[in-house]
Amino acid sequence: MNTTPTHRTAPSSWRTLGAFMGKEVRHLLRDRQTLLILLLLPLAQLLLFGFAVRTDIRAVRVLVVAPEPDATTSALQDRFAHSGRFELLPTTSSIDSLDVLMRRGMVDVAVVLEPGLASALRSGGTPQVLVVADGSDPNTGTTMRTYATAVVRDWQQSLGAAPASVRIEPRLRMRFNPTLESVNLFVPGLIALILTMVTSLMTAISLAREKERGTFELLLVSPLRPWQIIVGKVLPYLGLAMANVITVLLAARMVFDVPMRGSAVLLLSSATLFSLVGLALGVLIAAVTSSQLAAMLAALGGTMLPNVMLSGLIFPVASMPAPMQVVSHLVPARWFIEIARGIMLKGSGLELLWPPLTILAAMLLVLLTLAIRRTSPRLA
Amino acid sequence: MNRSDAGSTGPAIVAHELTRRFGDFTAVDAISFTVQSGEVFGFLGANGAGKTTAIRMFTGLLAPTSGSASVAGFDVATESDRVRERIGYMSQRFSLYEDLTVRENIRLYGGIYGLDDATIRERSDVMLAELDFTPSVTSLVRSLPLGWKQKLAFSVALLHQPVVVFLDEPTGGVDPITRRQFWEMIYRAAARGTTVFVTTHYLDEAEYCDRLSIMVDGRLAALGTPAALKREYDVPSLDDVFVRLVRSPVADAG
């Protein structure tokens, strides 16, 4: 065997990077259990959000109190029965039992009509209608009241009331999400959540594991450069993240009919940018922590929590206290959700979305610079 | 030894007043020594004497506070990229990837050091044959006994035929037979011209080194062949040399 070391040239960056990235892919593929969870969890979350966690309300139990049931009042009942959101309870003629029924939770909304309603209408009077909603959950109560009022108004118009005077009638329409489907609103947020998990959390854990086991030192004393270590770590997870985005979007479209009004390419590019921000954050977290557990907790607290709580995913940014609104500017998911909702629901394009995209790009630049510097072997 | 590798015709390692401070604490205090090519150089010292800090400087993981060092002819502070291509490293923590197979680990390290597939295959065949490696190359490293893992880690560190290989307490926790085999591997590497820089706290192992240095409180307290050191301190074993150095206030004696 040749005993003297052969002449060496600096190893090609791409070969070196390729060898390292190949290893990352093998890690991912070898741990079948984790991979399966990472692939299926997003779908499970989508189904959970889509079917169970809803802010729109269906099957509102409505009670019509009609002291003098006639054709007019049954027209109202028909409208409730066919609206798709209401479950019509047998009409009563007295208001007496209403309080008890609501207390027991058997009635969500009651519409109480005046006695002599039909004759009042005929003689040109203005009969009154009382809408009572269960307000123990204010959000739900308000929504139910709004639904019920809308049905009552339609009914009122069909009766051709008040023909004599000219009135200005407001017509309300919710643009972009006319049926107020909450799943439409959740899907962009859910994508942000999944991407955060796959990018920040998984890279932080994977890098911290190398530090914990001592393999990281071996990488640092090798010709691998910090940027190669980072790119090699990050790209396989980026691939996984994109696979997740695509499956969630397809499932959302097939199961829940979630629209995609803008450019899918723009959405995927934005998701890539957002993923890179998350990946850089994950690398940075791993660089400043020394164990897998610490990295995991830091990733959960530092990325998942703000991305869920301060991004507008669950609580609208506009309804946060002012200081929190300021903090939310630093949360990457806030910008991504704005972009994703814009593309999916409003069909917005680059001309409208460049500000949040620029902010994400700036975040990526800062985080990546920090990550590379913190991964440099000379920092200790 | 005639090497085609530019920069390695001189000594393998030169340390000159090499110093590293962490705040007020001086971990390595102005050490100077030279290691010749092909030498098996032992680096001894109690825990916390500064061995690991010194190795981290030689391997480019840590910048010197003052002084200088060169490895394979290149300065560790200013030419660390070139140093890194020419060294092998095996840390005290066993560091192959447990969830990859033997073959995958070999391919990974070969690839990181820029070897092409044919070279990797050729060298790993020779390497495994020399090791008498009986487990399958497609078995996960996790499933190997510790002795095999350690021997494999050392062979992998030599795969790119480094000028210098740094071994940081390579034989911790393995049985005496494996330790013996491990030292045979070290000699084989040295006979091929690779300089071996090895830290240990087994003093019987220190006897196997061509020369050894003993660090006490960050300083180089003694340096020489095992025989010379025993003569100098007029004691029958390296154990006695070590105990004497660690007990006496060498730091003041310089």
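What you see is a predicted model; the values in this text were computed from it and never measured. (Residues numbered from 1 in each chain as written. Chains lettered and ligands numbered in written order. Predicted model: local features only at pLDDT ≥ 70, side-chain atom pairs only at ≥ 80, totals over all residues.)

Focus: the overall build of chain B
Thinking step 1. Helix and strand counts for chain B stand at 10 helices and 10 strands.
Thinking step 2. At 18 Å, chain B has a C-alpha radius of gyration in line with the 18 Å of a compact globule built from 254 residues.
Thinking step 3. By principal-axis analysis of the C-alpha atoms, chain B measures approximately 55 × 40 × 40 Å.
Thinking step 4. Scored against the burial criterion, the 254 residues of chain B give a buried share of 47%.
Thinking step 5. Taking contacts inside chain B between residues at least 6 apart in sequence as the whole, the part at least 24 apart equals 69%. (Helix = DSSP H or I, 4+ residues; strand = E, 2+ residues; numbered from the N terminus. Rg over C-alpha atoms; globule rule 2.2 N^0.38 Å. Buried ≥ 20, exposed ≤ 12 C-beta atoms within 10 Å, placed from the backbone. Contact = placed C-beta atoms within 7 Å.)

Describing the overall build of chain A
Thinking step 1. Secondary structure assignment for chain A yields 14 helices and 4 strands.
Thinking step 2. When contacts within chain A are restricted to residue pairs at least 6 apart in sequence, those whose partners lie at least 24 apart make up 78%.

Examining the domain arrangement of chain A
Often, the extent of an interface is quoted as the loss of accessible area on bringing the components together.
Thinking step 1. Annotation of chain A at the domain level lists domain 1 (60–175) and domain 2 (181–375).
Thinking step 2. Summarising the inter-unit geometry, the C-alpha centres of domain 1 of chain A and domain 2 of chain A are found 46 Å apart. (Domains from an automatic or database assignment.)

Thoughts on helix H14 (residues 350–375) of chain A
All names here are of chain A.
Thinking step 1. For H14, the principal kink sits at proline 356 and spans about 35°.
Thinking step 2. Those residues of H14 that sit buried are Leu353, Pro356, Leu360, Met363, Leu364, Leu367, Leu368, Ala371 and Thr375.
Thinking step 3. The inward-facing, buried residues of H14 contact helix H9 (226–256), helix H10 (264–288) and helix H13 (332–346). (Bend = angle between axes of the 7 residues up to and from the residue.)

A word on the environment of alanine 77 of chain B
Residue and element names in this part refer to chain B.
Thinking step 1. Here alanine 77 is to be found in the loop between strand S5 (74–75) and helix H2 (80–86).
Thinking step 2. When the C-alpha positions of alanine 77 and leucine 61 are compared, they lie 9.7 Å apart, and in sequence the two are 16 residues distant.
Thinking step 3. In contact with alanine 77, not counting residues within four places along its chain, are Ala63, Pro64 and Ser68.

What about the pairing of strand S1 (residues 13–22) of chain B?
Residues and elements named next belong to chain B.
Thinking step 1. Two strands pair when backbone bridges link them, and S1 and strand S4 (residues 66–71) are joined in this way by 5 bridges, in the antiparallel orientation. In the sheet register, alanine 15 faces S4, and the bridge partner there is alanine 69.
Thinking step 2. When S1 meets strand S2 (residues 25–35), the two strands line up antiparallel, connected through 7 bridges. Looking at S2, one finds that isoleucine 13 is bridged to valine 35.
Thinking step 3. Between S1 and S2, which follow one another and run antiparallel, lie 2 residues, and glycine 23 among them has a positive phi close to 65°. (Pairing = 2+ DSSP bridges.)

Digging into unusual backbone geometry
Residue and element names in this part refer to chain B.
Thinking step 1. With a phi angle near 50°, glutamate 17 is a residue other than glycine that sits in the positive phi range.
Thinking step 2. By secondary structure assignment, the location of glutamate 17 is in strand S1.
Thinking step 3. If you check the backbone angles, aspartate 234 has positive phi at about 55° while not being a glycine.
Thinking step 4. For aspartate 234, the location among the structural elements is in the loop between helix H8 (226–233) and helix H9 (238–247).

Concerning the confidence of the model for chain A
Thinking step 1. Averaged over all residues, the pLDDT of chain A is 83; the fraction at 70 or higher stands at 89%.
Thinking step 2. The secondary-structure element of chain A with the lowest mean pLDDT is helix H5 (residues 117–122) of chain A, recorded at 77, while H10 of chain A shows the highest, at 92. (pLDDT = per-residue confidence, 0-100.)

What to know about the sheet that holds strand S2 (residues 86–88) of chain A
Residue and element names in this part refer to chain A.
Thinking step 1. Pairing in this open sheet of 4 strands is mixed, and the strands run S2-S1-S3-S4 from one edge to the other. On the outer flanks of this sheet lie S2 and strand S4 (129–133), each paired with one strand and no other. Recorded for the sheet is a direction-independent mean angle of 25° between the axes of neighbouring strands.
Thinking step 2. Bridging between strand S1 (residues 60–65) and strand S3 (residues 109–113) involves 4 bridges; their strand directions are parallel. (Axes fitted to C-alpha atoms, helices over the stretch in contact; angles between N-to-C directions.)

Examining the packing of helix H7 (residues 182–213) of chain A against H13 of chain A
Residues and elements named next belong to chain A.
Thinking step 1. For the pair H7 and H13, interaxial distance at closest approach is 9 Å and the crossing angle is 140°. Classified by the angle their axes make, H7 and H13 are oblique. The handedness of the crossing between H7 and H13 is right-handed. Residues Asn184, Pro188, Gly189, Ile191, Ala192 and Thr196 of H7 touch H13, and the partners they reach there are Ala333, Phe336, Ile337, Ala340, Arg341, Met344 and Leu345. (Parallel < 35°, antiparallel > 145°, perpendicular 65-115°, else oblique. Left-handed = near helix turned anticlockwise from the far one by under 90°.)

Comments concerning the packing of H10 of chain A against H14 of chain A
Residue and element names in this part refer to chain A.
Thinking step 1. Following both chains from N to C, one finds H10 and H14 inclined at 25°, their axes separated by 8 Å at the closest point. Between H10 and H14, the interaxial angle falls into the category roughly parallel. Judged by the twist between their axes, the crossing of H10 over H14 is left-handed. Contacts from Leu266, Ser270, Leu273, Phe274, Leu276, Val277, Ala280, Leu281, Val283, Leu284, Ala287 and Val288 of H10 reach H14 at Leu350, Leu357, Leu360, Ala361, Met363, Leu364, Leu367, Leu368, Leu370, Ala371, Arg374 and Thr375.
Thinking step 2. Looking at the contact of H10 with H14 residue by residue, the classes come out as 21 nonpolar, 2 polar and 1 charged. (Nonpolar A, V, L, I, M, F, W, Y, C, P; charged D, E, K, R; others polar.)

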